[in-house]
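What follows is the residue order along each chain.
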Amino acid sequence: MKLIDGKAVSEELKNALKQDVLDYRKKSGRVPHLAAILVGDNPASKAYVGNKVRACEQVGYKSTLVKLDDNITQARLLEEIRKLNEDPDVDGFIVQLPLPKHINETEVTLAIDHKKDVDGFHPVNFGRMAQGMPAFLPATPYGILLLLERYNIETAGKHVVVVGRSNIVGTPISILLSRKSKSGDATVTLAHSRTKNLADVVRLGDIVVAAIGIPGFITEDMIKIGAVVIDVGINRVEDESAPKGSRLVGDVDFEPVRGKSSYITPVPGGVGPMTVMGLLLNTFKSANKEIYS
Ligand code: NDP
């Protein structure tokens, strides 16, 4: 079993990007700029946004954090989005999810200019991605592709089983891995809560991507010997022995599954840091007008 070290890979990529940013600054006289909107004070969302801001600082980007109150109206939030859409200094921005219940997430996603949608959630980017056109790829699937490439994990002709069909992880990674392209050409099964005989389905996977949101859901008996296991889940569970009284675990029952797999991503330190990397790389592409001129 080999551990896929997302933290180390993201550090390598950040160092390379740092140099590219220096070159970009010399050439253009400006600094790539990523903004984030954070609504309310959900601790997990605050931590994710904090990581993103820190990563921007590490690679030499400018970052702006727009903090808004939990009870902000949808109209006010859309106004903030409009300001960022129109600000020529901002290359890309994200609205950290989840949003409070009174806000319509679809309306918010649609309000973001797709040319600045560095999270890759806008239907224009999603549609372009699905058709193999240049697009901002959703940050987590993008990060997973980078990890597979970095570890030379062949996907062509492999059977990939993705468990979870969200718009931000499961569905886009299933599309990307089945596309006729590098890190694609796989035969993909997309499983979800209505899948029958799920364990039998997952056992067919040469590569298993778990994006469910249930701690330790993928157990050792569901994994074929030698499978590659990508654990996207981030779940906080109680643990009295941990300093904070809790710790983060993935959707995979890590220790037993680790013994059966050829490669596996840990949680934390696997897919998570690569999601931030996907976001940074999309922002750099935006600054360079690589996707949209
Ligand atoms: P969602 O809640 O949007 O989707 C969960 C998916 O899991 C759904 O498709 C659901 O099926 C499926 N599912 C739920 N229960 C079962 C079950 N019993 N059997 C089979 N499938 C089931 O989650 P996300 O995709 O947003 O996130 C998934 C996990 O990944 C979470 O832990 C999240 O925190 C983490 N995450 C991590 C990121 C990272 O950077 N590492 C980034 C984004 C998310 P159905 O559609 O039928 O309801």
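The shown structure was predicted, so the numbers you read here are calculated from the model rather than taken from an experiment.

**Things to note about the pairing of strand 6 (residues 187-191)**
Working step 1: In this sheet, strand 6 lies alongside strand 5 (residues 159-163) in parallel orientation, the contact comprising five bridges. Pairing of valine 160 across the sheet is with valine 188, part of strand 6.
Working step 2: Note on the crossover from strand 5 through helix 7 (residues 170-178) to strand 6: the handedness is right-handed.

**Thoughts on the pattern of salt bridges**
Working step 1: Per the stated rule, a full pass over the model turns up 15 salt bridges.
Working step 2: Note that arginine 150 and glutamate 12 form a salt bridge whose closest N and O atoms lie 2.9 Å from each other. A residue pair is termed long-range when its members are at least 10 positions apart, and arginine 150 in helix 6 (residues 139-150) and glutamate 12 in helix 1 (residues 6-28) qualify at 138 residues.
Working step 3: For glutamate 12, a relative accessible area of 39% gives the class partly exposed.
Working step 4: The salt bridge partner of lysine 62 is aspartate 89, with a shortest N-O separation of 2.8 Å. You can see lysine 62 sitting in strand 3 (residues 62-68) and its partner aspartate 89 sitting in the loop between helix 3 (74-86) and strand 4 (92-95), a full 27 residues away along the chain.
Working step 5: Residues joined in a network through salt bridges with shared partners are Arg30, Lys62, Asp89 and Asp91.

**Observations regarding the nonpolar core**
Working step 1: Counting residues in each nonpolar core, the largest one holds 53 residues, and the members touching the most others are Leu17, Val209 and Ile230.
Working step 2: Contacts of leucine 17, omitting those with residues within four sequence positions, involve Val59, Tyr61, Met277, Leu280, Leu281 and Phe284.

**Regarding the site of the ligand**
Working step 1: The environment of the ligand is formed by 21 residues, the closest being Arg165, Ser166, Ser193, Val232 and Thr275.
Working step 2: Residue arginine 165 places a side-chain N or O atom 2.7 Å away from an oxygen atom belonging to the ligand.
Working step 3: In this structure, an oxygen atom belonging to the ligand sits 3.4 Å away from a side-chain N or O atom of asparagine 235.
Working step 4: In the complex, the protein chains occlude 70% of the 920 Å² of accessible area that the ligand would expose alone.
Working step 5: Sorting elements by how many residues they give to the shell around the ligand places helix 10 (residues 271-287) first, with three residues.
Working step 6: Looking at the shell around the ligand residue by residue, the class counts come to ten nonpolar, ten polar and one charged.

Rules and cut-offs
Residues numbered from 1 in each chain as written. Predicted model: local features only at pLDDT ≥ 70, side-chain atom pairs only at ≥ 80, totals over all residues. Heavy atoms only, no water. Pairing = 2+ DSSP bridges. Helix = DSSP H or I, 4+ residues; strand = E, 2+ residues; numbered from the N terminus. Right-handed = clockwise from strand over helix to strand, strands pointing away. Salt bridge = Lys/Arg side-chain N within 4 Å of Asp/Glu carboxyl O. Buried < 20%, exposed > 50% of the residue type's maximum accessible area, 1.4 Å probe, protein only. Core = buried A, V, L, I, M, F, W, Y, C linked by side-chain atoms within 4.5 Å. Contact = heavy atoms within 4.5 Å. Near = heavy atom within 4 Å. Polar contact = N/O pair within 3.5 Å; in protein donor to acceptor, adjacent residues only side chain to side chain. Areas by Shrake-Rupley, 256 points an atom, 1.4 Å probe, with all protein chains shown as cover. Nonpolar A, V, L, I, M, F, W, Y, C, P; charged D, E, K, R; others polar.

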